[in-house]
Amino acid sequence: MRIKDGDSNPIPVCRSFGRKIMNDFPKLTPRLACASKLIRASSFVADIGTDHAYLPIYLCLEGKARGAVASDINAGPVERAEKNINKYGLSDKITVLQTDGLNGIQEYRPTDIMILGMGGELISRIIEQAPWTKDESIQLCLQPMTHAEILREFLTKNGYSIVDERLAQEEKIYQIILAKYTGLCEELSEAQLLLGKINAARHDSAFISLAKRQIEILKRRAEGKKKANEDLTHEQSLIAEIKSMIGETT
Ligand SMILES: C[S@@+](CC[C@H](N)C(=O)[O-])C[C@H]1O[C@@H](n2cnc3c(N)ncnc32)[C@H](O)[C@@H]1O
C-alpha cells in the first residue's frame, strides 16, 4: 500500500532492507550527479517530485543517505518510484509518499530536502507552504527548470540564505541552489537573481555560457520591444550588468 496525503492510517509502501546493487544502476545525468554531490553524508533525504526516484536510490546505494522519503503528487511517478526502489532492494530504506509538495514530509525529519526539475515559482510555493523548513539544520537542494530569479528572490526575502550554487551542463545549463534558513535576508541585484551571486564569483566556463545565453534572451526581448516602440532601458541596463559580470564591455 502507498501512503497518500490525507489517509487516516497511512502505511509506508516500501519497507525492507535490501542488498546494495550499485553496479547495474544507470549513470546519473550531470544535473542529478551535480545535485547528489551537495547532499551531506549520513543524511535523511526527502526527494520531492521524485518521479523515477533515481536520486534517493543512488544516495542510499552509495551510502551517503541513511534513508529517504521519495514523494510525488502524481500516481504514475509514485508507481515508477516504487518499482525502481524495489528493483534495487531499498524498500526498507526509502518510503514512497503520494503528496503535494512538502505536505506530510515533516514527520520523516529530513535533514536534506531535494526539489529538482520543477519551475522556480512552484518550488517557492512548496517551500512557502512548509514553514517547518525554517530550521537551520535542514539543507534545501533546489534545481529550478525555469525562473531561477523567482526562487532566489523568494529565498533571500524570506530568511533562507543561499550557501552554495552549482551549474550542471547538459544540452542546456541547469542551475542548482543550496539554501538553508538563517533568518537573514539579502538584497540581490536582478542579474544576481537570474544567474546567482556564487556562480558569478566562481566565474567558470559554465557561468560565462549561462550569462551569454541570458544576454541573447534579453537582446531578443529588447528587439521585440524596439519594434513595438516600447522602452528598452530595463533590458539595456540588465545586459550591461551581466556583461560587466563576465568582463565584457558594452
Ligand atoms: C520533471 S519531473 C522531475 C523529476 C526529478 N525530480 C528530476 O529532477 O529528474 C517533475 C516531477 O514533479 C512532480 N510534481 C509536480 N508538482 C508537484 C508537487 N506540487 N508536489 C510534488 N510533486 C510534484 C511531477 O509529478 C513530476 O514527477
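Every chain is numbered on its own, with residues counted from 1 as its sequence reads. The model is predicted, so local features are restricted to residues of pLDDT at least 70 and side-chain atom pairs to those at 80 or more, both for listing and for counting; the totals for chains, interfaces and linings are taken over all residues. The side-chain quantities take in all heavy atoms of the structure and omit both hydrogens and water.

To continue, consider the pairing of strand 3 (residues 65-72). Burial within strand 3 is extensive, with seven of its eight residues counted as buried. In short, DSSP must find at least two bridges between two strands for them to pair. Runs of E in the DSSP output that reach at least two residues are strands. Runs of H or I that reach at least four are helices, and both are numbered from the N terminus. Where strand 2 (residues 43-48) lies against strand 3, six bridges are found, and the strand directions are parallel. Across the sheet, Ser43 pairs through a bridge with Ala65, a residue of strand 3. Handedness is read with the strands pointing away from the viewer; a crossover is right-handed when the path from the first strand over the helix to the second is clockwise. Handedness of the β-α-β unit built from strand 2, helix 2 (residues 54-62) and strand 3 comes out right-handed. As defined by bridge partners, strand 3 adjoins strand 4 (residues 94-98) across five bridges and the pair is classed as parallel. What sits directly across from Asp72, in strand 4, is Gln98. The handedness of the strand 3 to strand 4 crossover, carried by helix 3 (residues 75-87), is right-handed. Relative accessibility under 20% of the residue-type maximum defines a buried residue, over 50% an exposed one, and the middle range a partly exposed one, all with a 1.4 Å probe and only protein chains included.

Another aspect to go through is the packing of helix 4 (residues 120-128) against helix 5 (residues 148-157). The convention used is that axes are lines fitted to C-alpha atoms, helices contributing only their stretch in contact, and that angles between N-to-C directions extend from 0 to 180 degrees. At their nearest, the axes of helix 4 and helix 5 sit 7 Å apart, and the two run at 25 degrees to each other. By the angle between their axes, helix 4 is roughly parallel relative to helix 5. The handedness of the crossing between helix 4 and helix 5 comes out as right-handed. Residues Gly120, Glu121, Ile123, Ser124, Ile127 and Glu128 of helix 4 form the contact with helix 5, whose participating residues are Ile150, Leu151, Phe154 and Leu155. Class assignment for the residues of the contact of helix 4 with helix 5 results in six nonpolar, two polar and two charged. Should an angle fall under 35 degrees it is taken as roughly parallel, and over 145 as roughly antiparallel, whereas 65 to 115 is taken as roughly perpendicular and any remaining angle as oblique. Helix crossings fall into two classes, left-handed where the near helix is turned counterclockwise from the far one by less than a right angle and right-handed where it is turned clockwise. Two residues qualify as a contact provided that any one of their heavy atoms is within 4.5 Å of a heavy atom in the partner residue. Amino acids outside the nonpolar list (Ala, Val, Leu, Ile, Met, Phe, Trp, Tyr, Cys, Pro) and the charged list (Asp, Glu, Lys, Arg) are all regarded as polar, and Gly is one of them.

Reported domain spans reflect what an automatic or database domain assignment gives. Per the domain assignment, the segments of the protein chain are domain 1 (3-195) and domain 2 (203-250). Contacts between the two partners involve twelve residues from domain 1, matched on the other side by 13 residues from domain 2. Here the buried area means the combined drop in accessible surface, using a 1.4 Å probe, for two parts upon being joined, counting both sides. Between domain 1 and domain 2, a total of about 1,100 Å² is buried, with carbon and sulfur atoms accounting for 70% of that surface. If you sort the residues of domain 1 by the area they bury against domain 2, Leu167, Ile173 and Leu195 come out on top, with a joint share of 48%. What makes a salt bridge here is a side-chain nitrogen of Lys or Arg within 4 Å of a carboxyl oxygen of Asp or Glu, nothing more. Between domain 1 and domain 2 we count zero salt bridges in total. For the purposes of these results, a polar contact is taken to be a pair of N or O atoms within 3.5 Å, where, inside protein, one atom must be able to donate a hydrogen and its partner to accept one; residues adjacent in sequence count only when each atom of the pair is a side-chain atom. The interface formed by domain 1 and domain 2 holds two residue pairs in polar contact (both at pLDDT 80 or more) in total. Among the secondary structure elements, those contributing two or more residues to the side of domain 1 that touches domain 2 are strand 7 (160-169), strand 8 (173-181) and helix 6 (190-195). Looking at which element gives the most residues to the side of domain 1 that touches domain 2, the answer is helix 6, with five residues. Its residues assigned to classes, the side of domain 1 that touches domain 2 shows five nonpolar, four polar and three charged.

This structure, assessed with the given rule, holds nine salt bridges. When the shortest N-O distance is used, the salt bridge between Asp51 and Arg80 registers 2.7 Å. Remark: Arg80 occurs in helix 3 and Asp51 occurs in the loop between strand 2 and helix 2; sequence separation between them is 29 residues. Given the relative accessible area of 26%, Asp51 is considered partly exposed. When its relative accessible area of 41% is taken as the criterion, Arg80 is described as partly exposed.

Helix 9 (residues 233-245) packs onto helix 8 (residues 205-227) with a crossing angle of 165 degrees between their chain directions and a minimal axis gap of 10 Å. The orientation of helix 8 relative to helix 9 falls into the category roughly antiparallel. Our pair here, helix 8 against helix 9, has a crossing hand that is left-handed. On helix 9, the residues touching Phe207, Ala211, Gln214, Ile215, Leu218, Lys219, Arg221, Ala222 and Lys225 of helix 8 are Glu235, Leu238, Ile239, Ile242, Lys243 and Met245. Looking at the contact of helix 8 with helix 9 residue by residue, the classes come out as nine nonpolar, one polar and five charged.

In this section: the site of the ligand. To be near a molecule or strand, a residue needs just one of its heavy atoms within 4 Å of it. Taken together, 19 residues surround the ligand, and among them Arg31, Gly49, Asp72, Asp100 and Gly101 come closest. Within the side chain of Arg31, an N or O atom sits 2.7 Å from an oxygen atom of the ligand. Here an oxygen atom of the ligand and a side-chain polar atom of His52 are 3.3 Å apart. Isolated, the ligand exposes 600 Å² of accessible area, and the fraction of that covered by the protein chains is 81%. Mapped by element, the contributors of at least two residues to the shell around the ligand are helix 1 (30-36), strand 5 (112-118) and helix 4. Across the shell around the ligand, the residue classes break down as seven nonpolar, seven polar and five charged. Only the protein chains shown count as cover for residues, and the accessible areas themselves come from Shrake-Rupley with a 1.4 Å probe.

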